Amino acid sequence: MFIQGILTLASLTFNSHQHNDSLKRLGNLTPYRVAPASHNVKAELPDDCSVDRVMLMHRHGSRGPAGSEEMRLINSLVRTLRDGHDALQDAHLPENLCFLQTGKGYEAHLDPEHLTIIGRQQLFNHGVEFGLKYPNFTTETLLSSPVQRVVDSMYFFAQGRFGREAKDKNLLTVNDIPGPVSWITPWTSCFGTNHHYASQVAKEWSKLYLPSITKRLNDLLPYGASFTDDDTQGALYACAYDLAARDESPWCDVFHADELADFEYELDLHVDAIVGYLVPRNAGRVMGSVFVKKLINRFSNTGGEAQPLYLEFGHDDTIIAAIAAMGLNKDDPPLSPDGLREHRRFRTSYQAPFAAQMVWERFTCEESFDGPQIRLILNEETYPLWTCAETKYDRRFGTCSLDAFVRANKFSTDIEFGDDAWQAACGAHSRGLCFQG
(Lines give C-alpha, C1' and ligand atoms only; values in the text may rest on other atoms or scores of the structure.)
Protein backbone atom coordinates (compact mmCIF):
# COMPACT_ATOMS: atom_id res chain seq x y z
CA MET A 1 0.00 0.00 0.00
CA PHE A 2 1.36 3.42 -0.98
CA ILE A 3 0.69 6.35 1.32
CA GLN A 4 0.68 9.79 -0.28
CA GLY A 5 2.59 12.24 1.89
CA ILE A 6 2.26 15.99 1.88
CA LEU A 7 5.06 17.52 3.83
CA THR A 8 5.58 21.11 4.93
CA LEU A 9 9.05 22.08 3.79
CA ALA A 10 10.05 24.41 6.57
CA SER A 11 11.61 21.51 8.49
CA LEU A 12 13.05 19.50 5.60
CA THR A 13 16.73 20.39 5.71
CA PHE A 14 19.43 19.04 7.96
CA ASN A 15 22.00 21.33 9.53
CA SER A 16 24.65 22.30 7.03
CA HIS A 17 28.34 21.65 7.57
CA GLN A 18 31.46 23.20 6.16
CA HIS A 19 34.41 20.80 5.84
CA ASN A 20 37.85 22.34 5.41
CA ASP A 21 39.59 19.09 6.35
CA SER A 22 41.46 17.74 3.33
CA LEU A 23 40.62 14.21 4.48
CA LYS A 24 37.03 15.00 3.57
CA ARG A 25 38.08 15.46 -0.07
CA LEU A 26 39.22 12.12 -1.44
CA GLY A 27 37.19 12.15 -4.62
CA ASN A 28 34.71 9.31 -4.98
CA LEU A 29 36.49 7.52 -2.10
CA THR A 30 35.53 10.29 0.34
CA PRO A 31 33.74 9.14 3.52
CA TYR A 32 30.15 10.34 3.49
CA ARG A 33 29.88 14.06 4.16
CA VAL A 34 27.19 16.68 4.09
CA ALA A 35 27.85 18.75 0.98
CA PRO A 36 29.02 22.35 1.38
CA ALA A 37 26.06 24.72 1.46
CA SER A 38 25.52 27.09 -1.42
CA HIS A 39 25.67 30.57 0.09
CA ASN A 40 23.37 31.96 -2.58
CA VAL A 41 20.52 29.47 -2.10
CA LYS A 42 17.96 29.34 0.70
CA ALA A 43 17.91 25.97 2.43
CA GLU A 44 14.18 26.05 3.19
CA LEU A 45 11.36 26.67 0.77
CA PRO A 46 8.42 28.98 1.57
CA ASP A 47 5.91 27.72 4.13
CA ASP A 48 3.14 27.44 1.54
CA CYS A 49 5.02 24.72 -0.38
CA SER A 50 4.64 20.97 0.07
CA VAL A 51 6.31 17.90 -1.41
CA ASP A 52 4.15 15.33 -3.19
CA ARG A 53 6.77 13.08 -4.82
CA VAL A 54 10.28 11.96 -3.82
CA MET A 55 12.87 9.98 -5.80
CA LEU A 56 16.03 8.80 -3.99
CA MET A 57 19.11 7.49 -5.75
CA HIS A 58 21.57 6.33 -3.09
CA ARG A 59 25.15 5.26 -3.66
CA HIS A 60 26.34 2.21 -1.75
CA GLY A 61 28.23 2.82 1.47
CA SER A 62 31.97 2.69 2.09
CA ARG A 63 33.60 -0.37 0.54
CA GLY A 64 36.96 -2.07 0.18
CA PRO A 65 39.23 -1.54 -2.83
CA ALA A 66 37.54 -2.15 -6.18
CA GLY A 67 39.44 -3.69 -9.04
CA SER A 68 42.83 -5.37 -9.14
CA GLU A 69 44.84 -2.18 -9.73
CA GLU A 70 44.02 -0.55 -6.38
CA MET A 71 44.89 -3.73 -4.47
CA ARG A 72 48.07 -4.12 -6.55
CA LEU A 73 49.23 -0.66 -5.48
CA ILE A 74 48.42 -1.24 -1.81
CA ASN A 75 50.10 -4.66 -1.87
CA SER A 76 53.16 -3.09 -3.49
CA LEU A 77 53.35 -0.64 -0.60
CA VAL A 78 53.06 -3.44 1.98
CA ARG A 79 55.81 -5.49 0.28
CA THR A 80 58.16 -2.49 0.19
CA LEU A 81 57.62 -1.88 3.89
CA ARG A 82 58.04 -5.56 4.72
CA ASP A 83 61.30 -5.77 2.75
CA GLY A 84 62.54 -2.59 4.46
CA HIS A 85 61.42 -3.57 7.96
CA ASP A 86 64.91 -3.82 9.47
CA ALA A 87 66.06 -0.54 7.94
CA LEU A 88 62.94 1.19 9.27
CA GLN A 89 63.57 -0.02 12.81
CA ASP A 90 66.93 1.73 12.98
CA ALA A 91 65.84 4.93 11.25
CA HIS A 92 65.09 8.33 12.77
CA LEU A 93 61.63 8.94 11.39
CA PRO A 94 59.40 11.99 11.81
CA GLU A 95 56.47 11.56 14.14
CA ASN A 96 53.93 10.99 11.38
CA LEU A 97 55.91 7.98 10.10
CA CYS A 98 56.74 6.38 13.45
CA PHE A 99 53.80 3.98 13.04
CA LEU A 100 56.07 2.09 10.61
CA GLN A 101 58.27 1.10 13.58
CA THR A 102 55.51 -0.28 15.81
CA GLY A 103 54.86 -4.03 15.87
CA LYS A 104 54.85 -5.35 12.33
CA GLY A 105 54.57 -1.84 10.92
CA TYR A 106 51.71 -1.12 8.54
CA GLU A 107 49.52 -3.99 7.41
CA ALA A 108 46.51 -3.59 5.16
CA HIS A 109 43.46 -5.50 6.37
CA LEU A 110 41.01 -4.65 3.62
CA ASP A 111 38.13 -6.64 2.15
CA PRO A 112 38.04 -5.88 -1.59
CA GLU A 113 34.75 -4.85 -3.17
CA HIS A 114 32.56 -5.50 -0.13
CA LEU A 115 30.62 -3.07 2.05
CA THR A 116 32.54 -2.25 5.24
CA ILE A 117 31.07 -2.02 8.73
CA ILE A 118 31.17 1.75 8.34
CA GLY A 119 29.33 1.40 5.03
CA ARG A 120 26.61 -0.60 6.78
CA GLN A 121 26.35 2.06 9.47
CA GLN A 122 26.09 4.84 6.86
CA LEU A 123 23.15 3.21 5.12
CA PHE A 124 21.32 2.30 8.32
CA ASN A 125 21.72 5.85 9.62
CA HIS A 126 20.56 7.32 6.32
CA GLY A 127 17.50 5.12 6.43
CA VAL A 128 16.63 6.45 9.88
CA GLU A 129 17.25 10.05 8.82
CA PHE A 130 15.19 9.61 5.67
CA GLY A 131 12.28 8.32 7.72
CA LEU A 132 12.51 11.34 10.01
CA LYS A 133 12.62 13.73 7.08
CA TYR A 134 9.83 12.09 5.06
CA PRO A 135 7.69 10.32 7.70
CA ASN A 136 4.52 10.18 5.60
CA PHE A 137 6.11 8.75 2.46
CA THR A 138 6.40 5.00 2.06
CA THR A 139 6.75 2.32 -0.59
CA GLU A 140 6.51 -1.44 -0.83
CA THR A 141 9.43 -1.85 -3.25
CA LEU A 142 13.11 -0.92 -3.14
CA LEU A 143 15.35 -1.36 -6.19
CA SER A 144 19.12 -1.70 -6.55
CA SER A 145 22.00 -2.56 -8.82
CA PRO A 146 22.70 -6.31 -8.71
CA VAL A 147 26.22 -5.75 -7.32
CA GLN A 148 26.34 -7.28 -3.84
CA ARG A 149 27.57 -4.20 -1.96
CA VAL A 150 24.65 -2.23 -3.42
CA VAL A 151 22.15 -4.96 -2.54
CA ASP A 152 23.57 -4.94 0.99
CA SER A 153 23.28 -1.15 1.13
CA MET A 154 19.61 -1.35 0.14
CA TYR A 155 19.06 -3.91 2.91
CA PHE A 156 20.65 -1.81 5.65
CA PHE A 157 18.85 1.34 4.50
CA ALA A 158 15.57 -0.57 4.66
CA GLN A 159 16.37 -1.72 8.20
CA GLY A 160 16.96 1.87 9.26
CA ARG A 161 13.91 3.28 7.48
CA PHE A 162 11.33 0.55 8.11
CA GLY A 163 12.62 -1.46 11.07
CA ARG A 164 10.73 -4.74 11.50
CA GLU A 165 8.51 -3.81 8.55
CA ALA A 166 11.52 -4.16 6.24
CA LYS A 167 10.98 -7.94 6.06
CA ASP A 168 7.67 -7.29 4.28
CA LYS A 169 9.20 -5.02 1.61
CA ASN A 170 10.16 -6.18 -1.88
CA LEU A 171 13.92 -5.76 -2.28
CA LEU A 172 14.59 -6.11 -6.00
CA THR A 173 17.51 -5.59 -8.38
CA VAL A 174 17.44 -4.27 -11.92
CA ASN A 175 17.69 -7.88 -13.10
CA ASP A 176 14.15 -8.40 -11.77
CA ILE A 177 12.55 -5.77 -13.98
CA PRO A 178 12.08 -5.74 -17.76
CA GLY A 179 13.66 -3.22 -20.11
CA PRO A 180 16.57 -2.94 -22.54
CA VAL A 181 18.52 -0.45 -20.41
CA SER A 182 18.54 0.44 -16.71
CA TRP A 183 18.67 3.98 -15.36
CA ILE A 184 20.66 2.60 -12.39
CA THR A 185 23.30 0.72 -14.43
CA PRO A 186 23.07 2.09 -17.99
CA TRP A 187 26.69 1.13 -18.75
CA THR A 188 25.66 -2.54 -18.96
CA SER A 189 23.97 -1.56 -22.24
CA CYS A 190 26.75 0.69 -23.58
CA PHE A 191 30.17 -0.02 -25.09
CA GLY A 192 30.92 3.70 -25.16
CA THR A 193 33.49 3.80 -22.40
CA ASN A 194 35.90 1.61 -20.47
CA HIS A 195 38.25 1.60 -17.52
CA HIS A 196 41.41 1.45 -19.62
CA TYR A 197 40.75 4.80 -21.27
CA ALA A 198 39.82 6.43 -17.95
CA SER A 199 42.90 4.96 -16.27
CA GLN A 200 45.11 6.41 -18.99
CA VAL A 201 43.61 9.87 -18.50
CA ALA A 202 44.17 9.66 -14.75
CA LYS A 203 47.69 8.27 -15.22
CA GLU A 204 48.69 11.28 -17.30
CA TRP A 205 48.07 13.43 -14.22
CA SER A 206 49.57 10.99 -11.70
CA LYS A 207 52.82 10.97 -13.68
CA LEU A 208 53.03 14.72 -13.07
CA TYR A 209 52.26 14.88 -9.35
CA LEU A 210 53.48 11.60 -7.83
CA PRO A 211 57.28 11.95 -8.36
CA SER A 212 57.64 15.00 -6.13
CA ILE A 213 55.74 13.28 -3.31
CA THR A 214 57.85 10.14 -3.70
CA LYS A 215 61.02 12.21 -3.51
CA ARG A 216 59.82 14.00 -0.36
CA LEU A 217 58.98 10.69 1.34
CA ASN A 218 62.26 9.08 0.32
CA ASP A 219 64.13 11.99 1.90
CA LEU A 220 62.49 10.89 5.17
CA LEU A 221 62.79 7.12 4.75
CA PRO A 222 66.01 5.10 5.16
CA TYR A 223 67.88 3.47 2.31
CA GLY A 224 66.39 0.02 1.95
CA ALA A 225 62.81 1.21 2.37
CA SER A 226 62.64 3.62 -0.54
CA PHE A 227 59.32 4.18 -2.27
CA THR A 228 58.47 3.97 -5.92
CA ASP A 229 55.64 6.09 -7.34
CA ASP A 230 53.47 2.96 -7.13
CA ASP A 231 54.18 2.74 -3.39
CA THR A 232 53.26 6.40 -2.94
CA GLN A 233 50.01 5.90 -4.81
CA GLY A 234 49.38 2.76 -2.75
CA ALA A 235 49.78 4.82 0.42
CA LEU A 236 47.25 7.37 -0.87
CA TYR A 237 44.78 4.57 -1.55
CA ALA A 238 45.56 3.08 1.87
CA CYS A 239 44.58 6.41 3.44
CA ALA A 240 41.22 6.34 1.67
CA TYR A 241 40.43 2.67 2.24
CA ASP A 242 41.58 2.59 5.86
CA LEU A 243 39.07 5.40 6.44
CA ALA A 244 36.42 3.37 4.62
CA ALA A 245 37.13 0.32 6.78
CA ARG A 246 38.07 1.76 10.19
CA ASP A 247 37.45 5.53 10.07
CA GLU A 248 41.15 6.27 10.62
CA SER A 249 44.45 5.81 8.83
CA PRO A 250 48.04 6.65 9.75
CA TRP A 251 48.75 7.34 6.08
CA CYS A 252 46.45 10.32 5.88
CA ASP A 253 48.75 12.27 8.22
CA VAL A 254 51.74 11.52 6.02
CA PHE A 255 50.52 13.66 3.14
CA HIS A 256 50.26 17.43 2.84
CA ALA A 257 46.94 19.03 1.96
CA ASP A 258 48.09 19.95 -1.55
CA GLU A 259 49.21 16.36 -2.15
CA LEU A 260 45.81 15.03 -1.15
CA ALA A 261 44.26 17.62 -3.47
CA ASP A 262 46.36 16.21 -6.32
CA PHE A 263 45.10 12.70 -5.49
CA GLU A 264 41.53 13.96 -5.38
CA TYR A 265 41.97 15.48 -8.84
CA GLU A 266 43.28 12.17 -10.18
CA LEU A 267 40.16 10.40 -8.93
CA ASP A 268 37.94 13.12 -10.42
CA LEU A 269 39.63 12.76 -13.79
CA HIS A 270 39.07 9.01 -13.67
CA VAL A 271 35.34 9.34 -12.99
CA ASP A 272 34.98 12.18 -15.51
CA ALA A 273 36.53 9.91 -18.15
CA ILE A 274 34.19 7.01 -17.27
CA VAL A 275 30.76 8.66 -17.09
CA GLY A 276 31.36 12.40 -17.29
CA TYR A 277 32.35 14.97 -19.89
CA LEU A 278 35.68 13.42 -20.92
CA VAL A 279 34.14 10.23 -22.30
CA PRO A 280 34.56 9.91 -26.07
CA ARG A 281 31.47 10.46 -28.21
CA ASN A 282 29.61 11.99 -25.25
CA ALA A 283 28.79 8.47 -24.03
CA GLY A 284 28.78 9.47 -20.36
CA ARG A 285 25.99 11.98 -20.81
CA VAL A 286 24.11 9.61 -23.12
CA MET A 287 24.16 6.97 -20.38
CA GLY A 288 22.99 9.55 -17.83
CA SER A 289 20.08 10.49 -20.08
CA VAL A 290 18.33 7.25 -19.10
CA PHE A 291 18.04 8.41 -15.48
CA VAL A 292 16.95 11.91 -16.51
CA LYS A 293 14.15 10.54 -18.67
CA LYS A 294 13.00 8.24 -15.87
CA LEU A 295 12.93 11.19 -13.46
CA ILE A 296 10.90 13.32 -15.87
CA ASN A 297 8.45 10.52 -16.64
CA ARG A 298 7.82 9.92 -12.96
CA PHE A 299 7.47 13.55 -11.97
CA SER A 300 5.28 14.27 -15.00
CA ASN A 301 3.28 11.09 -14.36
CA THR A 302 3.57 10.26 -18.04
CA GLY A 303 2.28 6.71 -17.63
CA GLY A 304 -0.37 7.61 -15.06
CA GLU A 305 1.13 5.25 -12.46
CA ALA A 306 3.59 7.50 -10.64
CA GLN A 307 4.20 6.69 -6.99
CA PRO A 308 4.86 9.17 -4.18
CA LEU A 309 8.19 7.57 -3.25
CA TYR A 310 11.01 5.75 -5.06
CA LEU A 311 13.92 4.27 -3.10
CA GLU A 312 16.73 3.14 -5.40
CA PHE A 313 20.38 2.25 -4.93
CA GLY A 314 23.31 2.40 -7.30
CA HIS A 315 26.83 3.68 -7.74
CA ASP A 316 28.82 6.88 -7.95
CA ASP A 317 28.69 6.39 -11.71
CA THR A 318 24.87 6.40 -11.56
CA ILE A 319 24.82 9.79 -9.86
CA ILE A 320 27.61 11.43 -11.84
CA ALA A 321 26.27 10.28 -15.22
CA ALA A 322 22.85 11.73 -14.38
CA ILE A 323 24.28 15.06 -13.21
CA ALA A 324 26.51 15.22 -16.30
CA ALA A 325 23.56 14.54 -18.61
CA MET A 326 21.92 17.63 -17.11
CA GLY A 327 25.13 19.66 -17.43
CA LEU A 328 24.96 20.68 -13.78
CA ASN A 329 28.65 20.08 -12.99
CA LYS A 330 30.15 20.99 -16.34
CA ASP A 331 33.47 22.83 -16.46
CA ASP A 332 34.42 25.12 -19.32
CA PRO A 333 36.96 24.25 -20.55
CA PRO A 334 36.70 20.58 -19.57
CA LEU A 335 39.03 19.13 -16.94
CA SER A 336 42.45 18.15 -18.24
CA PRO A 337 45.29 15.97 -16.92
CA ASP A 338 47.70 18.73 -17.92
CA GLY A 339 47.17 20.62 -14.67
CA LEU A 340 45.13 20.79 -11.47
CA ARG A 341 41.87 22.72 -11.77
CA GLU A 342 41.43 23.88 -8.18
CA HIS A 343 38.15 25.72 -8.80
CA ARG A 344 35.92 23.29 -10.64
CA ARG A 345 32.30 22.20 -10.72
CA PHE A 346 33.08 18.53 -11.24
CA ARG A 347 34.05 17.37 -7.74
CA THR A 348 33.09 13.85 -6.73
CA SER A 349 34.02 14.37 -3.08
CA TYR A 350 31.00 16.71 -2.87
CA GLN A 351 28.73 15.05 -5.42
CA ALA A 352 29.34 11.29 -5.07
CA PRO A 353 31.18 10.30 -1.88
CA PHE A 354 30.55 6.90 -0.38
CA ALA A 355 26.85 6.64 0.61
CA ALA A 356 25.95 9.70 -1.47
CA GLN A 357 22.27 10.65 -1.47
CA MET A 358 20.69 12.21 -4.55
CA VAL A 359 17.12 13.16 -3.58
CA TRP A 360 14.72 14.68 -6.09
CA GLU A 361 11.57 16.39 -4.81
CA ARG A 362 8.51 17.47 -6.73
CA PHE A 363 6.56 20.15 -4.88
CA THR A 364 3.76 22.62 -5.32
CA CYS A 365 2.96 25.89 -3.59
CA GLU A 366 -0.19 27.87 -2.90
CA GLU A 367 1.28 31.19 -4.03
CA SER A 368 5.09 31.23 -4.06
CA PHE A 369 5.50 29.17 -7.25
CA ASP A 370 3.16 28.46 -10.14
CA GLY A 371 2.61 24.80 -11.02
CA PRO A 372 4.75 21.74 -10.18
CA GLN A 373 8.35 22.51 -9.24
CA ILE A 374 11.47 20.37 -8.87
CA ARG A 375 14.38 20.48 -6.43
CA LEU A 376 17.59 18.46 -6.02
CA ILE A 377 18.90 17.74 -2.53
CA LEU A 378 22.39 16.31 -2.99
CA ASN A 379 24.01 15.01 0.17
CA GLU A 380 21.62 17.00 2.36
CA GLU A 381 22.11 20.37 0.68
CA THR A 382 20.18 22.02 -2.14
CA TYR A 383 22.08 21.67 -5.40
CA PRO A 384 21.06 24.62 -7.59
CA LEU A 385 19.33 23.72 -10.84
CA TRP A 386 20.98 26.63 -12.60
CA THR A 387 20.46 25.22 -16.10
CA CYS A 388 16.67 25.69 -15.88
CA ALA A 389 16.30 28.61 -13.44
CA GLU A 390 14.14 31.31 -15.03
CA THR A 391 12.93 33.54 -12.18
CA LYS A 392 14.51 35.24 -9.19
CA TYR A 393 12.64 32.76 -6.96
CA ASP A 394 14.17 29.88 -8.92
CA ARG A 395 17.63 31.29 -8.30
CA ARG A 396 16.90 32.11 -4.67
CA PHE A 397 15.79 28.56 -3.85
CA GLY A 398 17.85 26.60 -6.38
CA THR A 399 14.73 25.18 -8.00
CA CYS A 400 12.83 25.45 -11.26
CA SER A 401 9.44 24.60 -12.65
CA LEU A 402 8.98 21.06 -13.90
CA ASP A 403 8.16 22.45 -17.35
CA ALA A 404 11.40 24.44 -17.44
CA PHE A 405 13.33 21.38 -16.24
CA VAL A 406 11.92 19.32 -19.11
CA ARG A 407 12.82 22.01 -21.65
CA ALA A 408 16.34 22.32 -20.25
CA ASN A 409 16.94 18.58 -20.58
CA LYS A 410 16.06 18.18 -24.24
CA PHE A 411 19.43 16.47 -24.69
CA SER A 412 18.16 13.55 -22.60
CA THR A 413 14.54 13.45 -23.71
CA ASP A 414 15.57 13.32 -27.38
CA ILE A 415 17.59 10.11 -26.91
CA GLU A 416 16.06 6.64 -27.24
CA PHE A 417 17.85 3.37 -26.65
CA GLY A 418 19.18 2.13 -30.00
CA ASP A 419 18.56 5.35 -31.94
CA ASP A 420 21.25 7.18 -33.92
CA ALA A 421 22.47 9.17 -30.90
CA TRP A 422 22.69 6.02 -28.77
CA GLN A 423 24.44 4.07 -31.52
CA ALA A 424 26.97 6.85 -32.04
CA ALA A 425 27.85 6.86 -28.34
CA CYS A 426 27.35 3.25 -27.29
CA GLY A 427 26.76 0.96 -30.24
CA ALA A 428 23.42 -0.60 -31.10
CA HIS A 429 21.98 -3.11 -28.64
CA SER A 430 25.32 -3.34 -26.94
CA ARG A 431 26.26 -4.93 -23.68
CA GLY A 432 28.81 -2.86 -21.85
CA LEU A 433 31.57 -3.26 -19.31
CA CYS A 434 31.05 -3.49 -15.57
CA PHE A 435 32.75 -0.48 -14.02
CA GLN A 436 30.60 0.45 -11.07
CA GLY A 437 32.24 2.43 -8.29
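Heads up: the structure comes first, above all this text.
This report concerns the structure included in the present document. (Residues numbered from 1 in each chain as written. Predicted model: local features only at pLDDT ≥ 70, side-chain atom pairs only at ≥ 80, totals over all residues. Heavy atoms only, no water.)

1. Focus on the nonpolar core
Put simply, the rule is: In plain words, nonpolar cores are sets of buried Ala, Val, Leu, Ile, Met, Phe, Trp, Tyr and Cys residues tied together by side-chain atoms within 4.5 Å. Relative accessibility under 20% of the residue-type maximum defines a buried residue, over 50% an exposed one, and the middle range a partly exposed one, all with a 1.4 Å probe and only protein chains included. For helices the rule is a DSSP run of H or I covering at least 4 residues; for strands it is a run of E covering at least 2, with both sets numbered from the N terminus onward. Any pair of residues with heavy atoms lying within 4.5 Å of one another is described as a contacting pair.
Counting 100 residues, the largest nonpolar core has Leu100, Trp251, Met358, Trp360 and Phe405 as the members making the most contacts within it. Among the elements that line this core, the one with the most residues is helix 6 (residues 229-246), at ten residues. Contact partners of methionine 358, with chain neighbours within four places excluded, come to Met55, Leu56, Met57, Phe291, Ile319, Ala322, Ile323, Leu376, Ile377 and Leu378. Membership of the second largest hydrophobic core comes to 27 residues, among which are Leu123, Phe130, Val359 and Ile377.

2. Here's the deal with the pairing of strand 2 (residues 49-59)
Heads up, the condition is: Any two strands with at least two DSSP bridges between them are considered paired.
By the criterion of burial, strand 2 is predominantly enclosed, with eleven of the eleven residues buried. Direction of pairing for strand 2 relative to strand 6 (residues 357-365): antiparallel, over a ladder of nine bridges. Bridge pairing links serine 50 to threonine 364 in strand 6. Taken together, the six bridges between strand 2 and strand 5 (residues 309-314) define a ladder with parallel strand orientation. Looking at strand 5, one finds that methionine 57 is bridged to glutamate 312.

3. Some details on the pattern of salt bridges
Close approach of charged atoms allows side chains of opposite charge to pair. Our working definition: Salt bridges are defined by distance alone: a side-chain nitrogen of Lys or Arg within 4 Å of a carboxyl oxygen of Asp or Glu.
Within the structure shown, the criterion is met by 18 salt bridges. For aspartate 230, the salt bridge goes to arginine 72, with nearest N and O atoms at 3.1 Å. Here aspartate 230, found in helix 6, pairs with arginine 72, found in helix 1 (residues 68-83); they are 158 residues apart in sequence, far enough to count as distant. When its relative accessible area of 36% is taken as the criterion, arginine 72 is described as partly exposed. Two residues, arginine 298 and glutamate 312, come together in a salt bridge whose shortest N-O distance is 2.8 Å. With arginine 298 in helix 8 (residues 283-300) and glutamate 312 in strand 5, the pair connects residues that are 14 residues apart, well separated along the chain. For the pair arginine 298 and glutamate 312, a shared accessibility class is recorded, and that class is buried.

4. Regarding the packing of aromatic side chains
We count it as follows: Stacked, tilted and edge-to-face are the three classes assigned to paired rings of Phe, Tyr and Trp, where Trp is represented by its six-membered ring and a pair needs centres within 6.5 Å; plane angles under 30 degrees give stacked, over 60 edge-to-face, the rest tilted. Look at NZ for Lys and CZ for Arg. If either is within 6 Å of the ring centre and within 35 degrees of the ring normal, a charge sits over the ring.
Tallying each qualifying case throughout the model produces 19 aromatic pairs. Considering the side-chain rings of phenylalanine 369 and tyrosine 393, the 5.5 Å spacing of their centres and the 65° angle between planes classify their relative orientation as edge-to-face. Here phenylalanine 369 is found in the loop between strand 6 and strand 7 (373-378), whereas its partner tyrosine 393 is found in helix 11 (residues 392-397), with 24 residues between them in sequence. The rings of Phe130, Tyr134, Phe137, Phe157 and Phe313 are connected pair by pair, giving a single aromatic cluster. Its end group placed over the ring of phenylalanine 162, lysine 169 keeps NZ or CZ at 4.5 Å from the ring centre.

5. Looking at the state of the cysteines
Under the convention used in this document: In plain terms, two cysteine sulfur atoms within 2.5 Å form what is called a disulfide here.
The final tally for this structure, using the stated rule, is four disulfides. Shown here is the disulfide that connects cysteine 49 with cysteine 365, its sulfur atoms set 2.0 Å apart. Looking along the S-S bond of the cysteine 49-cysteine 365 disulfide, the torsion reads about 100°, which is the right-handed sense. Of the two residues, cysteine 49 sits in strand 2 while cysteine 365 sits in strand 6, which places them 316 residues apart along the sequence. Exposure remark for cysteine 49: the relative accessible area of 2% places this residue in the buried category. Classification of cysteine 365 as buried rests on a relative accessible area of 13%. Taken in N- to C-terminal order, the disulfide-linked cysteines of the protein are connected 1-5, 2-8, 3-4, 6-7. Unpaired in this structure, cysteine 98 has its nearest cysteine sulfur neighbour in cysteine 252, at a distance of 17 Å. Residue cysteine 98 is classed as partly exposed on the basis of its relative accessible area, which comes to 30%.

6. Some thoughts on a nonpolar patch on the surface
Spelled out, the test is: Exposure above 30% relative accessible area and the lack of any salt bridge qualify a residue for a patch; like charges then connect within 9 Å, and the nonpolar side chains Val, Leu, Ile, Met, Phe, Trp and Tyr within 5 Å. With residues, only the protein chains shown are counted as cover, and all accessible areas are computed by Shrake-Rupley using a 1.4 Å probe.
Residues Phe124, Val128 and Leu132 make up a contiguous nonpolar surface patch of about 280 Å² in total accessible area. Mapping leucine 132 onto the fold places it in helix 3 (residues 117-133). The exposure class of leucine 132 is exposed, given its relative accessible area of 67%.

7. Regarding the side chain of lysine 169
Rules: N or O atoms closer than or at 3.5 Å make up a polar contact, with two conditions inside protein: a donor-capable atom paired with an acceptor-capable one, and, for residues adjacent in sequence, both atoms drawn from side chains.
As for its position among the elements, lysine 169 is in the loop between helix 4 (148-162) and strand 4 (170-173). Side-chain polar atoms of lysine 169 contact the side chain of glutamate 140, separated by 3.2 Å. Excluding residues within four positions of it along the chain, lysine 169 makes contact with Thr138, Thr139, Glu140, Leu142 and Phe162.

8. Here we look at unusual backbone geometry
Between aspartate 332 and proline 333 the backbone carries a cis peptide bond, its omega angle lying at 0°. Positive phi values are uncommon outside glycine, yet aspartate 247 reaches one of about 70°. By secondary structure assignment, the location of aspartate 247 is in the loop between helix 6 and helix 7 (257-275). Even without being a glycine, asparagine 282 presents a positive backbone phi close to 60°. With respect to the helices and strands, the residue asparagine 282 is situated in the loop between helix 7 and helix 8.

9. Focus on the packing of helix 6 against helix 7
The test is simple: Note on geometry: axes are lines fitted to C-alpha atoms, helical ones only across the stretch in contact, with angles between N-to-C directions running from 0 to 180 degrees. Note that the term roughly parallel is reserved for angles under 35 degrees, roughly antiparallel for angles over 145, roughly perpendicular for angles of 65 to 115, and oblique for everything else. Only Asp, Glu, Lys and Arg are considered charged in this grouping, and only Ala, Val, Leu, Ile, Met, Phe, Trp, Tyr, Cys and Pro are considered nonpolar; every other residue, Gly among them, is considered polar.
One way to put it is that helix 6 packs onto helix 7 with a least axis distance of 11 Å and a crossing angle of 85°. The orientation of helix 6 with respect to helix 7, classified from their angle, is roughly perpendicular. When helix 6 is examined against helix 7, the residues Gln233, Leu236 and Tyr237 are found in contact with a partner set consisting of Leu260, Phe263, Glu266 and Leu267. Of the residues contributing to the contact of helix 6 with helix 7, the split by class is five nonpolar, one polar and one charged.

10. Digging into the side chain of threonine 116
Its place among the elements puts threonine 116 in the loop between helix 2 (85-89) and helix 3. Setting aside residues up to four positions removed in sequence, threonine 116 forms contacts with Ser62, Arg63, Gly64, Ala244 and Ala245.

11. Points about the environment of glutamine 373
Along the chain, glutamine 373 falls in strand 7. Assessed through its relative accessible area of 2%, glutamine 373 is described here as buried. Linking glutamine 373 and threonine 399, residues 26 residues apart in sequence, is a C-alpha distance of 7.0 Å. Of note is the side chain of glutamine 373, whose polar atom sits 3.0 Å from the backbone oxygen of aspartate 370.

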